[in-house]
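Given next are the chains, with one letter for each unit.
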2 protein chains.
Amino acid sequence: MYVLMVYKYFGRIYLIPWRTGMVFSKAFYRYTQSFGGMRAVIPFKKGNAKSRLGKLLSEKEREELAMAMLNDVAEALLGSGCFGVIDLLTTSIIEVKGLNTVLTEKGLNEALNEYLGKMSSHSINEPVLIIMADIPLVSIKNIRDIAASATDVVIVPGRMGGTNALFIRNPSSFHVDYYGASFIKHKEIAAGSGLEIEVFDSFNLSTDIDEVADITEILLHGKGHAARYLKKLGFTVVEAENGGRVGLKKI
Amino acid sequence: MYVLMVYKYFGRIYLIPWRTGMVFSKAFYRYTQSFGGMRAVIPFKKGNAKSRLGKLLSEKEREELAMAMLNDVAEALLGSGCFGVIDLLTTSIIEVKGLNTVLTEKGLNEALNEYLGKMSSHSINEPVLIIMADIPLVSIKNIRDIAASATDVVIVPGRMGGTNALFIRNPSSFHVDYYGASFIKHKEIAAGSGLEIEVFDSFNLSTDIDEVADITEILLHGKGHAARYLKKLGFTVVEAENGGRVGLKKI
């Protein structure tokens, strides 16, 4: 049921179409955001993808898995309906439906900071979500929950101090610093600019795929392209023999 | 702002004190639940705790860390205000403020299934949350979000197919099967009884502490007893030298 709410906020009066059952502050926020727009950017590097999976997968298989994961992330972004623009920031020409290809020759940090800088210099003051291409468990709900945050910066941690997504309300106020303990560095960068942060708690988003053990997580929890690709290759989850939890088997 | 809502549901009329900004269905659910109660149970085994941390910590330190983590979990449960009863199901006498000690000599599965069976035979039809003692990153918000779920069973996955928490609306309809790929087994048990499940997505709750690398996650994200204890022992997070993310150092 929709109700038209009259809402006064900072001296302005808003008429909000509010679906009952939805948190009102979220409905209000989405409504005001719908006047502007948000964008998302996925950095992606094709060559010699995911070398630590070399024990398990050939180079061709690793590249195909990387593309399948990229498609999972792209579909979550597109399906969320939150973004007017979704850019793929890449070192080689790749076609993904619904995404703009933005070519760069730079490394991850330089390419992203140039991207944020260009947004500022073109006076594009839209919030931007930077999201990694190797988190295939991400869901549409995850993306919507991040985009509905009211804080200045949302940091989504990966395991072991990584940063798997960053939602930046005002791109001119922030820069990225990946590699190493980027989770700590991004918290410090935000604090240094007086920005309020939210740490977004998600197993789906924390699960970036680097190691052989991570393949198991895709098979256990994935429902998209990456999970289907691994099953097509014959991978399946088995009970571990060494008293651990689960193992991986190729049939 | 609180509003008193008149709400008709299955032919009965309810007056719900509803804080605007809260999802109404959640407010309604909490209100009806407040007539009954929920309980939580933490299984805990003291002797030779966390042997895989033996490379890093002495036996005494491992036991103290296990107690610190138990205290973090207990505080999140107590702080949530969701539970009328919180039981510590343990093989030895341990005092934790606010928790009832329930002694058992059985293993994990047998002890928990006996516990669920006793609830049924005593006609205690309360929802029950089974939560592991080694997930020190758990927050009060995590617990409240789980308890607010309207599904029959909430399964909270650990990494590699584990189950770190289980919320069971009707204890007589379910049994547990830990070890191995318990996440898959618990999904199958629920499906076999025609129960609706929700998989709860949380990095905090997925992070059970078994390996040396997990200690880093406590230092990166923890704010409670376990994090303070590790810092007291001199542990700190450092940038890794091998191109990985972060490492651990004892100062």
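Let us look at the structure shown here. Fair warning: this is a prediction, and the values are worked out from it, not measured in the lab.

Section: the packing of helix α2 (residues 59–80) of chain B against helix α8 (residues 225–232) of chain B
Residue and element names in this part refer to chain B.
And then number 1: At a closest axis distance of 7 Å, the pairing of α2 and α8 adopts a crossing angle of 150°. Overall, the two elements α2 and α8 adopt an arrangement that is roughly antiparallel. Along its contact with α2, which presents E61, E64, L65, A68, M69, N71, D72 and E75, the element α8 presents H225, A226, Y229 and L230.
And then number 2: Its residues assigned to classes, the contact of α2 with α8 comprises six nonpolar, two polar and four charged.

Focus on the interface of chain A and chain B
And then number 1: Chain A puts 34 residues into the contact, and the matching count from chain B is 33 residues.
And then number 2: With both chains or domains summed, chain A and chain B bury close to 2800 Å², and 58% of this area falls on carbon and sulfur atoms.
And then number 3: Among the residues chain A hides against chain B, the three largest losses belong to M160, D201 and R245 of chain A. Together they make up 27% of the total.
And then number 4: Taken together, the connections running from chain A to chain B amount to zero salt bridges.
And then number 5: Those elements that provide at least two residues to the side of chain A that touches chain B are α5 (182–192), α6 (203–206), α7 (212–221) and β10 (235–239) of chain A.
And then number 6: No other element matches α7 of chain A, which puts five residues into the side of chain A that touches chain B.
And then number 7: Partitioning the side of chain A that touches chain B into residue classes produces 13 nonpolar, 13 polar and eight charged.

Overview of a positive patch on the surface
And then number 1: On the surface, K187 of chain A together with K223, R228 and K231 of chain B cluster together into a patch of positive charge.
And then number 2: Assignment of secondary structure puts R228 of chain B in helix α8.

Quick look at the side chain of S149 of chain B
Residue and element names in this part refer to chain B.
And then number 1: With respect to the helices and strands, S149 occurs in the loop between α4 (140–147) and β7 (153–157).
And then number 2: Using a relative accessible area of 6% as the deciding quantity, one classes S149 as buried.
And then number 3: A polar contact is formed between the side chain of S149 and the side chain of T151, at a distance of 2.8 Å.
And then number 4: A polar contact of 2.7 Å, which involves the side chain of S149, links it to the side chain of E198.

Some points on the relation of the copies chain A and chain B
And then number 1: With an axial shift of 0.0 Å and an RMSD of 0.0 Å, the rotation relating chain A to chain B amounts to 180°. The operation mapping one copy onto its partner corresponds to a two-fold rotation axis.

Notes on the nonpolar core
And then number 1: I42, L70, L77, F83, L129 and I131 of chain A are the most contacted members of the largest nonpolar core, which has 33 residues in total.
And then number 2: Apart from the residues within four sequence positions on either side, I42 of chain A is in contact with L70, V73, A74, L77, D87, L88, L89, L99, I131, M132 and A133 of chain A.
And then number 3: Residues M67, A74, V96 and V154 of chain B belong to the second largest nonpolar core, which totals 32 residues.

Remarks on the environment of P157 of chain A
And then number 1: Within the secondary structure, P157 of chain A sits in strand β7 (residues 153–157).
And then number 2: Once the C-alpha coordinates of P157 of chain A and F203 of chain A are considered, the two residues, 46 residues apart in sequence, prove to be 9.4 Å apart.
And then number 3: Dropping the residues within four chain positions of it, P157 of chain A is found in contact with G162, N164, F183, V199, F200, L205 and S206 of chain A together with H221 of chain B.

Definitions and limits used
Residues numbered from 1 in each chain as written. Chains lettered and ligands numbered in written order. Predicted model: local features only at pLDDT ≥ 70, side-chain atom pairs only at ≥ 80, totals over all residues. Heavy atoms only, no water. Axes fitted to C-alpha atoms, helices over the stretch in contact; angles between N-to-C directions. Helix = DSSP H or I, 4+ residues; strand = E, 2+ residues; numbered from the N terminus. Parallel < 35°, antiparallel > 145°, perpendicular 65-115°, else oblique. Contact = heavy atoms within 4.5 Å. Nonpolar A, V, L, I, M, F, W, Y, C, P; charged D, E, K, R; others polar. Buried area = accessible area lost by both parts, 1.4 Å probe. Salt bridge = Lys/Arg side-chain N within 4 Å of Asp/Glu carboxyl O. Patch = residues over 30% accessible without salt bridge, like charges linked within 9 Å, V, L, I, M, F, W, Y side chains within 5 Å. Areas by Shrake-Rupley, 256 points an atom, 1.4 Å probe, with all protein chains shown as cover. Lys, Arg positive; Asp, Glu negative; His and termini not counted. Charge placed at Lys NZ, Arg CZ, Asp CG, Glu CD. Buried < 20%, exposed > 50% of the residue type's maximum accessible area, 1.4 Å probe, protein only. Polar contact = N/O pair within 3.5 Å; in protein donor to acceptor, adjacent residues only side chain to side chain. Least-squares fit on C-alpha atoms with pLDDT ≥ 70 in both. Core = buried A, V, L, I, M, F, W, Y, C linked by side-chain atoms within 4.5 Å.

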